[in-house]
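Spelled out from the first residue to the last, the chains are:
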Amino acid sequence: MTYSSPVQKELVNRSKAYLEGDAALLAQSPAIRNAQLREMIVFHEWRYYIHNDPVLSDFEYDQLYKMLEALEKDYPEFITADSPTQRVSSDVSNDFPTVPHLTPMLSLANSYNAEDLQEFDQQVKRMLNMAEDEDIVYAVEPKFDGGSVALVYENDQLVRAATRGNGQEGEEMTANARAIRSVPLSASFSDLNISKVELRGEVLIRKDKFEAINKKRAAEGISLFANPRNTATGGLRMKDPREVADRNLEAFLYTLGYATNDAGENKLDAIPTHYESLDLLEKLGFKVPIDGKERKLCKNIQEVIEFCTTWENGREAYAYEVDGMVVKVNDRTLQERAGHTSHHPRWAIAYKFAAKQATTKLDAVEYQIGKIGSITPVAKVAPVSLAGVTISSISLHNEDFISEKDLRLGDTVLIERAGDVIPYIVKALDDLRDGSELPIVFPDKCPSCATPLIREEGEAAWRCPNYECPAQVLQRIIFHVSKPAMNIDGLGRSIVERFMEQGWVKTLPDIYRLEYDKIAQLEGFGPKSATNLRAAIDEAKQNPIYRLLHSLSIHHLGKKISKLLAAELEHVLQLKDWTYDDYVHIKDVGPTVAENVSAYFSDPANIAMLEELEALGVNLTATEADQPVAAVTEGPFLGKTILFTGKLLQMSRKEAQEKAVAAGAKNISAVSGNLDILVVGEKAGSKLKKAQALGTVKIMTEDEFLAQIG
Ligand code: IVH
């Protein structure tokens, strides 16, 4: 899914209008509001989860989410399986096999102040039929900001670890979890007659360890990690467990969610409170929040509020990133009585700390030049620690951002990191000005090649129009070799820069005539890395042509359109003879891309460059991978939805899902009215029960499934 910039702008404006309570929008019919809220939430989730680049603060996003929840409460007929409220956010990718959790990994509802907590307390009491003035005992602990994991121990051995994934199933990463030293490889659950348990916790990195890693990376010229959370979640997904070990990750456990004995009987009842389950885990050698410091048993909501406030005030001094506190009803029987929604337990709530802010001095503005010449102003500020990260550069986006905020050199500015990730300048503190501040003068010439800058109609960015601009050439080469483009392993930004300094690389073709014996002599290289680089470059030469097209940095030509073009070609240079109409005839190719690609291929210099690449061995002929995947139009399961549950014996789950797709089916991840077929393997659990209860799902065994697809 992608969004064009006008659509994004519209969605952002509409979101702000909803948040401000725009009367005209709120007067629309419930069905229209439902559709609009869903569209906005899906968009913000895309910005946050896929691109790590949110436009709203967490708080604002939560407000939109709550509006949709409230609407669905009034109109339950709007709730369908694909509503954003009906899923627990997903990070499943295909790199690691998917495994089902023993019980769903839910999310948490949020609160932001003392009143919210009081309201939560009242709500819990109402649910439990308790008097308003009766007290509930709560366990309170930090809300660790890392990546969640589920650990399964069988017969005292760690047998499996998985990320949260979509809440129902996660990605298996046992080998990586074993590399985390605070995760015990075995623990004596058998002393309590427990043979199988599932524990939940958060994988984290200490703030000082994070800074040390970044310092080392800076010294080696490698790109820096954005924040501790990304370092931890990224660490969990490393291909090589040794690299996980190098990151010094840790795991805090906060839930004992499932425990059975050999006969499969529930053993959780033997541990009557949350607090005792943490005590037990602590005893068994797990890292859990420390009693009295990180966790506290509060005898009523007043004590909860005090503990949360103390933490909020002191959180900067804490060794780990914490974005709030988690408040849990301590008694397990009460928890069970309160139950849960499909999204969160009703007996627990997160108390979110306010966005972290700091002030600093705006010392200078630098201008970065992108691969198509866009100029991005970047503020250089006096280094300041904010939420565990030292910040010295902050993007100012474009000229309009600077003038709208009336920023000046020498200003004291208020900066914020909402939730996490990207720092943002909220405003200049203009009452602290003393008259010495200077206006920020946006350059009218390119800082790299001095060509006059241009700003096209409807574009926010100023651009350098000189295609030969050295800064652009560098960015284009960096993009050409990068993962989404030619994907040359081991050739990152800093190495490209070094090769350019040496004068070895000035153009794209130069990449393909590197002299590896010279590289082997370069400091920090050696024969082995030179050989590896050669292998990676040789491999890239055989890439499908859509990668090459994408790698050329033609404005607006993304991976998707590159694939559409590649599917129409036998050879890249056929594009020389294409007319504008040939482009726009392809579905999904718009006029802007058509013009840009057509202009690129009418320039003889570009054609000569491509011919040079071909002479150097780079593939310009369409390959099988350039052919579109034909839609399945027949098969025994055509148009049916399918779900696999339990352990399959004759194939992996991934293979099964691929076979199902080849037979015309669509894989879905949950049992609902939308599900047509459930294939059950060994030890199928709650999904099977739910499907049986629905009565509308066709249930088949693995053998029956294989027989049907022949
Ligand atoms: S309890 C069913 N406790 O927050 C209860 N979660 O927004 C849900 N988290 O995915 C989990 N610290 O990754 C719990 N002390 C803590 C936590 C915690 C961090 C994360 C967890 C979860 C997310 C929910």
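Everything in this summary refers to the structure shown in the same document. (Residues numbered from 1 in each chain as written. Predicted model: local features only at pLDDT ≥ 70, side-chain atom pairs only at ≥ 80, totals over all residues. Heavy atoms only, no water.)

### Description of the sheet that holds strand 10 (residues 322-329)
Two pairing modes exist for strands in a sheet, parallel and antiparallel, and in both the strands are linked by backbone hydrogen bonds. Ordered by their spatial adjacency, five strands build an open sheet running 2-11-10-3-9, and the pairing between neighbours is mixed. Strand pairing shows two members of the sheet lacking a second neighbour, strand 2 (110-111) and strand 9 (296-298), which therefore form its edges. The pairing of strand 3 (residues 138-144) with strand 9 spans three bridges and is classified as antiparallel. Looking across to strand 9, one finds that V140 is bridged to K296. Seen against the sheet, helix 5 (residues 114-127) touches strand 2, strand 3, strand 10 and strand 11 (348-352) and runs at an angle of roughly 175° to strand 11. In this fold helix 10 (residues 274-283) packs onto strand 3, strand 9 and strand 10, with an angle of close to 55° to the strand it touches most, strand 3. (Pairing = 2+ DSSP bridges. Helix = DSSP H or I, 4+ residues; strand = E, 2+ residues; numbered from the N terminus. Contact = heavy atoms within 4.5 Å. Axes fitted to C-alpha atoms, helices over the stretch in contact; angles between N-to-C directions.)

### What to know about the pattern of salt bridges
Per the stated rule, a full pass over the model turns up 29 salt bridges. Here E294 makes a salt bridge to K293, at a shortest N to O gap of 3.7 Å. Its salt-bridge partner being R463, residue E456 comes within 3.6 Å of it at the nearest N-O pair. Using a relative accessible area of 19% as the deciding quantity, one classes R463 as buried. Taken together, the salt bridges that share partners define one network made up of D406, R408, D411 and R433. (Salt bridge = Lys/Arg side-chain N within 4 Å of Asp/Glu carboxyl O. Buried < 20%, exposed > 50% of the residue type's maximum accessible area, 1.4 Å probe, protein only.)

### Considering a negative patch on the surface
Together, E132, D133, E134 and D135 give the surface a local cluster of negative charge. Looking at the secondary structure, you find D135 in the loop between helix 5 and strand 3. With a relative accessible area of 47%, D135 lands in the partly exposed category. (Patch = residues over 30% accessible without salt bridge, like charges linked within 9 Å, V, L, I, M, F, W, Y side chains within 5 Å. Areas by Shrake-Rupley, 256 points an atom, 1.4 Å probe, with all protein chains shown as cover. Lys, Arg positive; Asp, Glu negative; His and termini not counted. Charge placed at Lys NZ, Arg CZ, Asp CG, Glu CD.)

### Description of the site of the ligand
In the vicinity of the ligand there are 14 residues, among which E141, F144, R164, E202 and Y254 approach most closely. For the ligand, an oxygen atom lies 3.2 Å from a polar atom in the side chain of Y254. Looking at the shell around the ligand element by element, the count peaks at four residues for strand 3. Its residues placed into classes, the shell around the ligand shows seven nonpolar, two polar and five charged. (Near = heavy atom within 4 Å. Polar contact = N/O pair within 3.5 Å; in protein donor to acceptor, adjacent residues only side chain to side chain. Nonpolar A, V, L, I, M, F, W, Y, C, P; charged D, E, K, R; others polar.)

### Side note on the environment of F252
Positionally, F252 belongs in strand 8 (residues 250-260). Judged by relative accessible area, which is 2%, F252 ranks as buried. A C-alpha to C-alpha distance of 5.4 Å links F252 and G201, two positions 51 residues apart in sequence. Excluding residues that lie within four positions of it along the chain, F252 makes contacts with F144, G201, E202, L204, K287, V288, P289, E294, Y318 and Y320.

### Side note on the nonpolar core
If you look at soluble globular proteins, the nonpolar side chains tend to sit buried side by side. Core analysis: the biggest nonpolar cluster contains 54 residues, and I488, L491, F499, F601 and L610 have the highest contact counts within it. In contact with F601, not counting residues within four places along its chain, are L549, L552, I554, V572, L575, K576, Y583, I607 and L610. Of all hydrophobic cores here, the second largest spans 40 residues; its members include A179, V197, F210 and I213. (Core = buried A, V, L, I, M, F, W, Y, C linked by side-chain atoms within 4.5 Å.)

### Section: the packing of aromatic side chains
Counted according to the given criterion, the structure contains 20 aromatic pairs. An aromatic cluster is defined as three or more aromatic residues linked by ring pairs; in this entry it consists of F144, F252, W311, Y318 and Y320. Of note, K287 hangs over the ring of F252, and the distance from its end group to the ring centre comes to 4.7 Å. Sitting above the plane of the Y546 ring, K563 keeps its charged end 4.8 Å from the centroid. (Phe/Tyr/Trp six-rings, centres within 6.5 Å; stacked < 30°, edge-to-face > 60°. Lys NZ or Arg CZ within 6 Å of the ring centre and 35° of its normal.)

### Overview of the packing of helix 1 (residues 5-19) against helix 4 (residues 58-74)
It is the contact of helix 1 with helix 4, at a shortest axis distance of 10 Å, that shows an interaxial angle of 75°. As summarised for this structure, helix 1 and helix 4 are arranged roughly perpendicular, according to the angle between their axes. From helix 1, S15, K16, Y18 and L19 reach across to helix 4, where they touch E60, Q63, L64 and M67. Residues belonging to the contact of helix 1 with helix 4 are distributed by class as follows: four nonpolar, two polar and two charged. (Parallel < 35°, antiparallel > 145°, perpendicular 65-115°, else oblique.)

### Description of the packing of helix 24 (residues 653-662) against helix 26 (residues 702-709)
Packing of helix 24 against helix 26 brings their axes to within 11 Å, and their N-to-C directions diverge by 35°. Of the two elements, helix 24 crosses helix 26, and the hand of that crossing is left-handed. For the pair formed by helix 24 and helix 26, the contact residues are A656, K659 and A660 on the first element and F705, L706 and I709 on the second. For the contact of helix 24 with helix 26, the residue count by class is five nonpolar, no polar and one charged. (Left-handed = near helix turned anticlockwise from the far one by under 90°.)

### Digging into the pairing of strand 4 (residues 147-154)
Judged by how many residues are buried, strand 4 sits mostly within the fold: seven of eight residues are covered. Strand direction decides the pairing type here: strand 4 and strand 7 (residues 196-204), joined by eight bridges, are antiparallel. Paired with Y153 across the two strands is V197, which belongs to strand 7. Note: strand 4 against strand 5 (residues 157-163), six bridges, orientation antiparallel. Note that in strand 5 the partner of Y153 across the bridge is L158. The turn joining strand 4 and strand 5, which pair antiparallel and follow one another in sequence, is formed by two residues; a positive phi near 45° is taken by N155.

### Some words on the side chain of S553
Here S553 lies in the loop between helix 19 (545-551) and helix 20 (559-566). Apart from the residues lying within four places of it in its own chain, the contact partners of S553 are K371, I372, R476 and F479.

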